[in-house]
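# Coordinate inspection notes
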Amino acid sequence: MANLTITLDDADKKGISEFCEQIGMTISGLYNVFTKQVLREGRIPFEIAVDRPNKKTIRAMKEGDKLIKKYQKNPSSVKTYNNVNDLMEAMLK
C-alpha cells in the first residue's frame, strides 16, 4: 500500500468527511473508489466543464454593460428606482 497526501480547503475537508460518514465510507475509501473507476474507464468519471452563459444571457450582460456606460456618462439619462417593487412594476408595464 502507498500513501497519498491531498491538500484540501478546511471547509471542503469537513464537507467530504461528513459526506463519507453519512454513507459509511472513509475519505481514503472514497478516493480508492474514484481511482479504481478512473483506471477501469480510462477517464475522469464525471464531466469537467467551464460554465458558459447562453446567448440570451450574453445579450442581457451586454445590454447591462451599455446601461452602466450610459449611466456613468450621464447619471440622469438612466431611470433609477428606489425599491424593488417600483422596478418590478416598471418591468411589467
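So, here's what we can say about the structure. Here the residue index of a chain counts from 1 through its sequence in written order. This being a predicted model, a pLDDT of at least 70 is required before a residue's local features are given, and a value of 80 or more before pairs of side-chain atoms are given or counted; all residues contribute to the totals for chains, interfaces and linings. Hydrogen atoms and water are omitted, and side-chain values are computed over all heavy atoms in the structure.

### Focus on the overall build of the protein chain
Put simply, DSSP H or I for four residues or longer makes a helix, DSSP E for two residues or longer makes a strand, and each gets a number counted from the N terminus. Per the secondary structure count, the protein chain includes four helices and zero strands. Each helix (α) and strand (β) of the protein chain, taken in turn from the N terminus, gives the series α-α-α-α. Its C-alpha atoms give the protein chain principal-axis dimensions of about 70 × 30 × 25 Å. In the protein chain, which comprises 93 residues, the share counted as buried stands at 1%. Only the protein chains shown count as cover for residues, and all accessible areas are computed by the Shrake-Rupley method using a 1.4 Å probe. For the protein chain, the accessible surface area stands at approximately 9100 Å², while carbon and sulfur atoms represent 55% of it. Of the side-chain charges in the protein chain, 16 are positive and 12 negative, and the distance between the mean point of each set is 11 Å. A 1.4 Å probe rolled over the protein chains alone gives each residue an accessible area, and that area as a share of the maximum for its type sets the label: buried under 20%, exposed over 50%, partly exposed in between. Counted as positive: Lys and Arg. Counted as negative: Asp and Glu. His and the chain ends are not counted at all. The atoms used to mark charge sites are NZ of Lys, CZ of Arg, CG of Asp and CD of Glu.

### A closer look at helix H2 (residues 27-41)
Under the convention used throughout, the expected extent of a helix is 1.5 Å for every residue step, that is, one less than its residue count. The terminal C-alpha atoms of H2 lie 21 Å apart, and with 15 residues this matches the ideal 21 Å at 1.5 Å per residue to within 8%. Remark: Gly 42 follows H2 within two positions and exhibits a positive phi of approximately 70 degrees.

### Observations concerning the environment of Ala 2
Topologically, Ala 2 is positioned in the segment before helix H1 (10-23). A C-alpha to C-alpha distance of 42 Å links Ala 2 and Pro 53, two positions 51 residues apart in sequence.

### Side note on the pattern of salt bridges
Definition used for salt bridges: Asp or Glu carboxyl oxygen within 4 Å of a side-chain nitrogen of Lys or Arg. Per the counting criterion, the structure on display carries two salt bridges. Note that Glu 18 and Lys 14 form a salt bridge whose closest N and O atoms lie 2.6 Å from each other. Residue Glu 18 and its partner Lys 14 are located together in helix H1, separated by four residues, close to a single helical turn. On the accessibility criterion, Glu 18 (39% relative accessible area) is partly exposed. In this structure, the salt-bridge partner of Glu 41 is Arg 43, at a minimum N-O distance of 3.0 Å. The partly exposed category is assigned to Arg 43, whose relative accessible area is 46%.

### Thoughts on a nonpolar patch on the surface
Taken together, Tyr 81, Val 84, Leu 87, Met 88 and Met 91 make up a surface patch of nonpolar side chains, about 460 Å² in accessible area. On the secondary structure map, Leu 87 appears in helix H4 (residues 84-92). Accessibility expressed as a relative area gives 33% for Leu 87, which makes it partly exposed. Each patch is built from salt-bridge-free residues with over 30% relative accessible area, joining like charges within 9 Å and nonpolar side chains (Val, Leu, Ile, Met, Phe, Trp, Tyr) within 5 Å.

### Focus on H1
Counted at 1.5 Å a residue, the expected span for H1 with its 14 residues is 20 Å, and the 20 Å between its end C-alpha atoms agrees. The N-cap of H1, judged by a side-chain oxygen 2.9 Å from the amide nitrogen of Ala 11 a few residues on, is Asp 9. Looking one or two residues beyond H1, the residue adopting positive phi is Gly 24, at roughly 75 degrees. Polar contacts, as used here, are pairs of N or O atoms within 3.5 Å; protein pairs need one atom able to donate a hydrogen and one able to accept it. Residues neighboring in sequence count only if both atoms are side-chain atoms.

Take it as geometry only, folks, not as evidence of what the structure does.
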